[in-house]
Amino acid sequence: MESPEVPSRNLLAVDGLTLDYATVDGRARVLENVSLHIEKGEIVGIVGESGSGKTTLGLAIIGLLDSPPADIIKGSIAFEGTDMRSLNPAELTRYRGTAIGMVFQESLAALNPVYKTETQLRESIEVLQRAQKLHLTAGAEAEMMVEILKDLRLDKPEVVLKKYPHELSGGMRQRISIAMAIVEKPRLLILDEVTTGLDVYVQNRILTILKDLNKRTGTTMILITHDLTVASQICDRLCVMYAGRVMEEGKAENVLNNSRHPYTQKLMAAIPQGFVDSPPLPAPTGEAPDLRRLPAGCKFHPRCPFVMPKCKETEPPIFEAPDGARVACWLEEKK
Amino acid sequence: MSNIVEADGLTVTFRARGTSSLLFERSSKTINAVDDVSFQVREGETFGLAGETGSGKSTIARVLVGLYKPRAGSITLLGREVNFRKKADVTYLRRNIGIVFQDPVGSLNPRLKVSEILKEALVATKEFDRKDYDKRINEIIDQVGLRKSAIKAYPRELSGGEKQRVSLARSLVVPKKLLVLDEPTSSLDVSIQAQVLNTLRNLKSELSLSILFITHDINVIKYMSDSLGILYYGKLVEVGRTYDVVTNSKHPYTVKLMANVPRLQRVEVKQELLSEQGPASSGCIYSKICPSVFDKCVEPPPMYNLGSDQLPLAICMRKLISRTRS
């Protein structure tokens, strides 16, 4: 509503979102002027270190932030043209699950330990029935559950349905949480670090499943991760965040092969590629900044190898590159 | 070059929870978490162990510090075979082998300051004089790349990377012959992981450490280790110099593993599944899903030597046949 210039093909339009957390020792600016437009059918990766605001952005979109401590200063979140911030809690509940779904990192915490898989899945199916005013028979429900587990390539779905979360492996549990989200057929699925903590092979399997789901059903996805290799596998577009700001955003190929922001370059260089005799990794020195005590100017400048006097004084605006990439770095100004 | 640690035919067995057994009945089913595994860690080198979840990587790490007892096979540390039944021998293991676990939160006592955590390790061995404690703690804090102010901090005040450095300092504050690193960077951000890996490589050359590095991340293990072993359901299917194992894999499982290494590019992720099926109950454990399975695979394959060097070994029937033919 606040952004009439947004074309209607955007499923989600986040504009100028600025958000604070009120903490005991001061307010922390967790998101600063974050804009992100997502089209139908896209997979968008949000990449950044711990504390860069990726998860907060995800929670803000689905309206799960507690206020206090969260305090949205300005900006808008429009989903299918509806301003999510104007909805009351009851209306928001109707959006959650069936319109926007979310899967969290901790699959063990996301599942109820005293319920079998089938009970957990049935809860989700009930939400779907309420939303679409459906009345499924018990048989149809069971069929739907087996179907969804088969889609997620779980072996012997009938057996898995009868198991409690603690009887399943990490990869299986994560797929159950994904099943709970996708069974409600959300139009936007937010995946928060869904493969973190799983080994590479299980990770590959889950990414394959997600990509496959996106192709078959056209579900739009936001993949939140700290691991650029994970995001690079399946994302169409990448958005690199640092200290609550979007540093670089563009087509995945461009961000990976022709990254413009020094932070993106550093993130990529941190991934080991060579053998034992290769030179040390050119990792960014230092740690992610304390959001309560951010430096002046560009927030990345203390760790940046190309720092200029200007960077220490003024925060760079977002420059638009010819290929459509958006980069918040003074180096872009000269080009 | 001499060997720091030799594992010979190491087998660790766990009692399996029977699915149909009665509540108080003890299940007699057992699982070999580690099955007839032999490897050597050479002096001043890093030996990597890679494999999927459940392949027995961590079990081997725990045997090396005496947390599990092997059912068969032996561990020889600096030429002395360890008798796991003798308490003195287990102490001998722990005095010479340090370990860092994956979870930095769970492995540090939340009620102790970093200085106290490190002091505990010093007190336990009596290798240093009490008056030298502070000097030694300062020294090790410096070596692992922790800021000085961290000495007085509690674990909760430190970031994930710093906590992992404290774990590292604790295992090295009393000098060790071998450092066992069990997924030391898996819970860290990529950029922090890079910093920790760089520190580990520096420490290795500075202190001429020998390292057993365990991880599922091939990119990391390739960067860290001189030799590499690949585990599949408790069996070591291939051992060799890292470069050979990665670029010229002999075992079909290793080939598949290497194909699954994530790279920084948008690829069509493969539909192929790895070990969802579980191991075969007889013959070659990989035969159930091996793409190049043939009639010989019903027999358990022997370990065979690929070259003149002592190290490169792989167990696969097809390789054996093709070798005797050529």
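This section reports on the structure supplied with the text. Since the model is a prediction, treat every value here as computed from it, not as a measurement.

Side note on the overall build of chain B
- Counting secondary structure elements, chain B contains 10 helices and 12 strands.
- Burial analysis of chain B (326 residues in total) assigns 44% to the buried set.
- Excluding contacts between residues fewer than 6 apart, the proportion of contacts in chain B whose partners are at least 24 apart in sequence is 65%.

Some remarks on the overall build of chain A
- Along its length, chain A carries 13 helices and 12 strands.
- Taken over the C-alpha atoms alone, chain A extends approximately 70 × 55 × 45 Å along its principal axes.
- Residues counted as buried form 47% of the 335 residues belonging to chain A.
- Taking as baseline every contact in chain A between residues at least 6 positions apart, the subset at least 24 positions apart corresponds to 66%.

A look at the interface of chain A and chain B
- Listed by partner, the interface residues are 39 residues for chain A and 37 residues for chain B.
- Where the side of chain A that touches chain B is concerned, the elements lending two or more residues are helix H8 (200–217), helix H9 (228–234), helix H10 (252–257) and helix H11 (262–269) of chain A.
- If you tally residues by element for the side of chain A that touches chain B, the top one is H8(A), at eight residues.
- The residue inventory of the side of chain A that touches chain B, partitioned by class, reads 20 nonpolar, 10 polar and nine charged.

Focus: helix H4 (residues 133–143) of chain B
All names here are of chain B.
- Among all positions in H4, only Ile-137, Ile-140 and Ile-141 are buried. Viewed along the axis of H4, the buried residues span an arc of 105 degrees, placing them on a single side of the element. Facing away from the buried side of H4 by more than 90 degrees, the exposed set consists of Lys-135, Glu-139 and Asp-142.
- Its buried side turned inward, H4 meets helix H3 (114–125) and helix H5 (160–172).
- With its phi angle positive at about 80 degrees, Gly-145 sits one or two positions after the end of H4.

Here we look at helix H5 (residues 138–151) of chain A
Residues and elements named next belong to chain A.
- Helix length check: H5, at 14 residues, gives a terminal C-alpha distance of 20 Å against a target of 20 Å (1.5 Å per residue), a fit within 8%.
- All of the buried residues in H5 are Met-145, Ile-148 and Leu-149. Burial along H5 is one-sided: seen end-on, the buried residues are contained in an arc of 100 degrees. Residues of H5 that are exposed and point more than 90 degrees away from the buried face comprise Gly-139, Ala-140, Glu-143, Glu-147 and Lys-150.
- Contacts made by the buried residues of H5 are with helix H4 (117–132), helix H6 (157–161) and helix H7 (170–182).
- Backbone geometry just downstream of H5 places Arg-153 in the positive-phi region, at approximately 55 degrees.

Quick look at unusual backbone geometry
Residues and elements named next belong to chain B.
- Phi is positive for Leu-78, which is not a glycine, with a value near 50 degrees.
- Its location among the elements puts Leu-78 in the loop between strand S4 (72–77) and strand S5 (80–81).
- Positive phi values are uncommon outside glycine, yet Glu-183 reaches one of about 50 degrees.

Notes on the nonpolar core
- Grouped together as the largest cluster of nonpolar side chains are 175 residues, with contacts concentrated most on A:Ala179, B:Ala169 and B:Leu212.
- Structurally, this core is a two-domain feature, drawing no fewer than three residues from each of domain 1 (10–99 + 186–334) and domain 2 (107–185) of chain A.
- Apart from residues lying up to four places away in sequence, A:Ala179 is in contact with A:Leu121, A:Ile148, A:Leu149 and A:Leu152.

Rules behind the numbers
Per chain, the residues get numbers from 1 upward, laid out in the order the sequence is written. Note on labels: chains are lettered from A, ligands numbered from 1, in written order. Confidence filtering applies because this is a predicted model: local features only for residues at pLDDT of at least 70, side-chain atom pairs given and counted only at 80 or more, and all residues used for totals across whole chains, interfaces and linings. Helix and strand assignments follow DSSP, with helices taken as H or I runs no shorter than four residues and strands as E runs no shorter than two, numbered in order from the N terminus. Put plainly, a residue is buried at 20 or more neighbouring C-beta atoms within 10 Å of its own, exposed at 12 or fewer, and partly exposed in between, counting only other residues' C-beta atoms, which are placed from the backbone. Each residue gets a C-beta atom placed from its backbone, and two residues are in contact if those atoms lie within 7 Å. Classes in brief: Ala, Val, Leu, Ile, Met, Phe, Trp, Tyr, Cys and Pro nonpolar; Asp, Glu, Lys and Arg charged; the others, Gly included, polar. It is the directions from the helix axis to the C-beta atoms that the arc portrays. A helix is expected to reach a length of 1.5 Å times the quantity of its residues less one. Only buried residues count toward a nonpolar core: Ala, Val, Leu, Ile, Met, Phe, Trp, Tyr and Cys, linked into one set through C-beta atoms within 7 Å. For every domain, the bounds stem from an assignment made automatically or drawn from a database.

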